Amino acid sequence: MRRFVVEADGGSRGNPGPAGYGAVVLDPATGETLAERAEFIGVATNNVAEYKGLIAGLKAARELDPDAAVRVRMDSKLVVEQMSGRWKIKHPDMKPLAAEAAKVLPRAQVTYEWIPREINKHADRLANEAMDAGKRGKQWEPSRSTADLAPSGPPGDAAAGAAAVRAALASGGGTGSRAAVVADARAASAVAGGADTLFADPDAAASGGGTGTRAAGAEGARSATLAPGRVPAPASGSTGWGPDLGTPATFVLLRHGETALTPQKRFSGSGGTDPELSPAGRRQAAAVAEALAARGTVQAVVSSPLLRCRETAQAVADRLGLSVAVEEGLRETDFGAWEGLTFAEVRERFPDDLQAWLDSPKAAPTGGGESFTAVTRRVSATRDRLLSAHAGRTVLLVTHVTPVKTLVRLALGAPPESLFKMELSAASLSAVAYYTDGNASVRLLNDTSHLR
């Protein structure tokens, strides 16, 4: 099932007065704008305009995929609470609009979330563009829109946090307004507060505290993430540059141990033979189990359904005294007709398909395989489910090359082609911490020290 985020807003200059709405449909995995809607609706109230924005956004999502799951994000507490069924709808102007919104998509496909107005800038800008057009006696034109300010991104998308900080800096001025800037820039604080090790103190990491390499790492992250602008230095007595976001959920990402296909570097996805661990792979699983037991922080184990992952996960779980939960969304890419082949063999047999796959994340392997775009949607939805189920916990995810790289890529806000630029060894450990403001910090990538 595809997933969309709909952000909607409406406004009235007079309440009632000249009114308009704006709505945008976003890809939750990439933050990409998929559709925009805006309209000047004449004289109306704020609430009427907000409801009309919601209806337009839901209809735009339905046009893209009538079976998609839609998460609506609005800064109207009234609309969110009424559409969620928690508040009664008493105003006669609201009842028909709420009924119309409820009919656009099946109720089970739509969820509602309140967000602060400053996060809803894209839809707000569209609504204001519509009202500006109405003032000129015209209607909003998509070709003249400037509302796509920056990717809002999914939870854990660091690019969104960096964009938020740059916007806050641009509008917040110099050091005198530091408190306001930092308050507006919460979305990026986890990026700058990243830890230098896999199991570093999460509270210290969130607040930017600590000494030695951790402090240096946070300073380096600030420079890299916030260029060309930077949040000013902390005031005297401050323990860090950003707010304390509490204990993050940490996903420790373990690639399964070797199979017979691994040393031969053959495509081995979810559409192939589902090989078991080789003797070398079982030794690797035992080694990583000992390493994780020594660290003692893993609280749950979740595995891909494929055999090589379940065997690796079980070895770790047995050592830690935990059970293994199987998550379908953590399976490897389906490589179609390429399953079991080496890269050279694929290049010889399917040169055009291989080149298309290398050039675009939307291209699928020969024979009905799975594109990286499809994998991203699946993995990001899985990430969101697991984050909801394991808030504030450290969870071991035993999975494959593509899901691990995808989670890291999304956390970094890196482009799809970065998947080809990461090394990920068998039985390696990586880690990403997810903070309560929706941002993420990559703490480790491809650690194989436990195998040496």
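Our subject is the structure that appears above.
All values reported here derive from a predicted model rather than from experimental measurement.

### Structural notes on the overall build of the protein
Stage number 1. Tallying secondary structure elements over the protein gives 15 helices and 11 strands in all.
Stage number 2. Of all 452 residues assigned to the protein, the portion counted as buried reaches 52%.
Stage number 3. Restricting the contact set of the protein to residue pairs at least 6 apart, pairs at least 24 apart contribute 71%.

### Section: the sheet that holds strand E1 (residues 3-12)
Stage number 1. Strand order in the open sheet formed by 5 strands is E3-E2-E1-E4-E5, and the pairing between neighbours is mixed. Each edge of the open sheet carries a strand with a single partner, namely strand E3 (33-44) and strand E5 (110-114). Between one strand and the next, the sheet's axes are offset by a mean angle of 20°, whatever the strand orientation.
Stage number 2. Inspection of the sheet shows strand E2 (residues 17-26) paired to E3 by 10 bridges, in the antiparallel sense. By the bridge assignment for E3, Ala-19 is matched with Gly-42.

### Some details on the packing of aromatic side chains
Stage number 1. If you walk through the whole model with that rule in mind, you get 8 aromatic pairs.
Stage number 2. Measuring from ring centre to ring centre gives 5.2 Å for Trp-357 and Phe-372, while their planes differ by 40°; the resulting arrangement is tilted. You can see Trp-357 sitting in helix H13 (residues 351-359) and its partner Phe-372 sitting in helix H14 (residues 372-389), a full 15 residues away along the chain.
Stage number 3. For Phe-372, a relative accessible area of 9% translates into the label buried.
Stage number 4. Seen in terms of ring centroids, Phe-372 and Phe-420 are 5.8 Å apart; in terms of plane orientation they differ by 65°. Their pairing is edge-to-face. Of this pair, Phe-372 sits in helix H14 while Phe-420 is found in the loop between helix H15 (401-412) and strand E10 (429-434), placing the two residues 48 residues apart along the sequence.
Stage number 5. Ring-pair connections join several aromatic residues into one group, and the members of that group are Phe-267, Phe-335, Trp-338, Trp-357, Phe-372 and Phe-420.

### Let's talk about the nonpolar core
Stage number 1. Formed by 31 residues in total, the largest nonpolar core has its most connected members in Tyr-51, Leu-54, Leu-58, Val-70, Val-72, Met-83 and Tyr-112.
Stage number 2. Looking at this core, the elements with two or more residues in it are E1, E2, E3, helix H1 (46-64), strand E4 (69-74), helix H2 (77-83), helix H3 (94-104) and E5.
Stage number 3. A per-element tally of this core places H1 first, with 8 residues.
Stage number 4. Once residues lying within four places of it in the same chain are set aside, the contact partners of Val-72 are Val-6, Leu-54, Leu-58, Val-110, Thr-111, Tyr-112 and Glu-113.
Stage number 5. Judged by nonpolar contacts, the second largest core, of 21 residues, contains Ala-249, Leu-253, Val-379 and Val-432.

### Points about the environment of Ser-268
Stage number 1. Note that Ser-268 resides in the loop between strand E6 (249-255) and helix H10 (279-295).
Stage number 2. Accessibility expressed as a relative area gives 18% for Ser-268, which makes it buried.
Stage number 3. In contact with Ser-268, other than residues within four places in its own chain, are Leu-261, Pro-275, Arg-308, Glu-332, Phe-335 and Glu-339.

### Concerning the pairing of strand E7 (residues 300-303)
Stage number 1. Because side chains alternate across E7, one face comprises the buried residues Ala-300 and Val-302, and the other comprises Val-301 and Ser-303, equally buried.
Stage number 2. Strand direction decides the pairing type here: E7 and strand E9 (residues 394-399), joined by 4 bridges, are parallel. By the bridge assignment, Ala-300 is partnered in E9 with Val-395.
Stage number 3. Where E7 meets strand E8 (residues 324-326), 3 bridges bridge the pair, whose relative direction is parallel. When the sheet's bridge partners are listed, Ser-303 is paired in E8 with Val-326.
Stage number 4. Regarding the hand of the β-α-β motif, the stretch spanning E7, helix H11 (residues 307-320) and E8 is right-handed.

### Observations concerning the pattern of salt bridges
Stage number 1. Applying the stated criterion across every chain, the model contains 17 salt bridges.
Stage number 2. Of the charged contacts, one joins Glu-81 and Lys-77 as a salt bridge, the two residues approaching to 3.5 Å between their closest N and O atoms. With a gap of 4 residues between them, Glu-81 and Lys-77 both fall in helix H2, about one helical turn apart.
Stage number 3. Taking the shortest distance from any N to any O, the salt bridge between Arg-331 and Glu-328 comes out at 3.0 Å.
Stage number 4. Among the charged side chains, a network of salt bridges with common partners joins Glu-328, Arg-331, Glu-370 and Arg-378.

### Here we look at the packing of H1 against H3
The geometry of a pair of packed helices is captured by two quantities: the angle between their axes and the separation between those axes.
Stage number 1. Orientation of H1 relative to H3, taken along the N-to-C sense of each, is 15°, at an axis distance of 9 Å. Relative to H3, the element H1 lies roughly parallel. Considering how the two elements wind past one another, H1 and H3 form a crossing that is left-handed. Where H1 abuts H3, its residues Asn-47, Val-48, Tyr-51, Lys-52, Leu-54, Ile-55, Leu-58, Lys-59 and Arg-62 lie against Met-94, Leu-97, Ala-98, Glu-100, Ala-101 and Val-104.
Stage number 2. For the contact of H1 with H3, the class distribution of residues is 10 nonpolar, 1 polar and 4 charged.

### Topic: the environment of Val-432
Stage number 1. Mapped onto the elements, Val-432 comes out in strand E10.
Stage number 2. Sequence separation of Val-432 and Ala-249 is 183 residues, and the distance between their C-alpha atoms is 8.5 Å.
Stage number 3. The contact partners of Val-432, leaving out residues within four places of it in the chain, are Ala-249, Thr-250, Phe-251, Leu-253, Val-408, Ala-411, Ala-440, Ser-441 and Val-442.

### Looking at the side chain of Thr-333
Stage number 1. Among the secondary structure elements, Thr-333 is positioned in the loop between E8 and helix H12 (343-349).
Stage number 2. Reaching out from Thr-333, the side chain makes a polar contact with the side chain of Thr-402 at a distance of 3.3 Å.
Stage number 3. Apart from residues no more than four positions distant in its own chain, Thr-333 is found in contact with Gly-269, Ser-270, Glu-339, Glu-370, Phe-372, Val-375, Arg-378 and Thr-402.

### A closer look at a nonpolar patch on the surface
Stage number 1. The grouping of Phe-343, Leu-358 and Phe-420 at the surface amounts to a nonpolar patch, some 240 Å² of accessible area in total.
Stage number 2. Residue position: Leu-358 is located in helix H13.
Stage number 3. On the basis of relative accessibility, which here comes to 31%, the residue Leu-358 falls in the partly exposed class.

Rules used in this analysis
- Along every chain, residues carry numbers that run from 1 in the direction the sequence is written.
- At least 70 in pLDDT is required for a residue's local features to be given in this predicted model, at least 80 for side-chain atom pairs to be given and counted, and no such filter applies to totals for whole chains, interfaces and linings, which use all residues.
- Calculated side-chain values reflect all of the structure's heavy atoms, with hydrogen atoms and water omitted.
- In this description a helix means any DSSP run of H or I spanning at least four residues, a strand means any run of E spanning at least two, and both kinds are numbered starting from the N terminus.
- Relative accessibility under 20% of the residue-type maximum defines a buried residue, over 50% an exposed one, and the middle range a partly exposed one, all with a 1.4 Å probe and only protein chains included.
- Contacts are residue-level and defined by heavy atoms, with any inter-residue pair within 4.5 Å sufficient.
- Pairing between strands is defined by DSSP: at least two bridges between them are needed.
- Angles shown run from 0 to 180 degrees and are taken between the N-to-C directions of axes, each axis being a line fitted to C-alpha atoms and, for helices, limited to the stretch in contact.
- Put simply, two rings from Phe, Tyr or Trp (the six-membered ring, in Trp's case) pair if the centres are within 6.5 Å, and we call them stacked under 30 degrees between planes, edge-to-face over 60, tilted for the rest.
- Throughout, nonpolar core names a set of buried Ala, Val, Leu, Ile, Met, Phe, Trp, Tyr and Cys residues whose side chains join them through atoms within 4.5 Å.
- Handedness is read with the strands pointing away from the viewer; a crossover is right-handed when the path from the first strand over the helix to the second is clockwise.
- Between Lys or Arg on one side and Asp or Glu on the other, a salt bridge is scored when a side-chain nitrogen of the former is within 4 Å of a carboxyl oxygen of the latter.
- By definition in this entry, angles of less than 35 degrees are roughly parallel, angles greater than 145 are roughly antiparallel, angles of 65 to 115 are roughly perpendicular, and the rest are oblique.
- The hand of a helix crossing depends on one turn: near helix anticlockwise from the far one by less than a right angle means left-handed, and clockwise means right-handed.
- Residues were grouped as follows: Ala, Val, Leu, Ile, Met, Phe, Trp, Tyr, Cys and Pro as nonpolar; Asp, Glu, Lys and Arg as charged; and all remaining residues, including Gly, as polar.
- Whenever a nitrogen or oxygen atom comes within 3.5 Å of another N or O atom, the pair is scored as a polar contact, on the condition that within protein one atom can donate a hydrogen and the other can accept it, and that pairs from neighbouring residues in sequence are kept only if both atoms are in side chains.
- Patches were defined on residues exceeding 30% relative accessible area and lacking a salt bridge, with like-charge contacts within 9 Å and nonpolar side-chain contacts (Val, Leu, Ile, Met, Phe, Trp, Tyr) within 5 Å.
- Under the convention used here, a 1.4 Å probe and the Shrake-Rupley method define accessible areas, while residue burial counts only the protein chains that appear.

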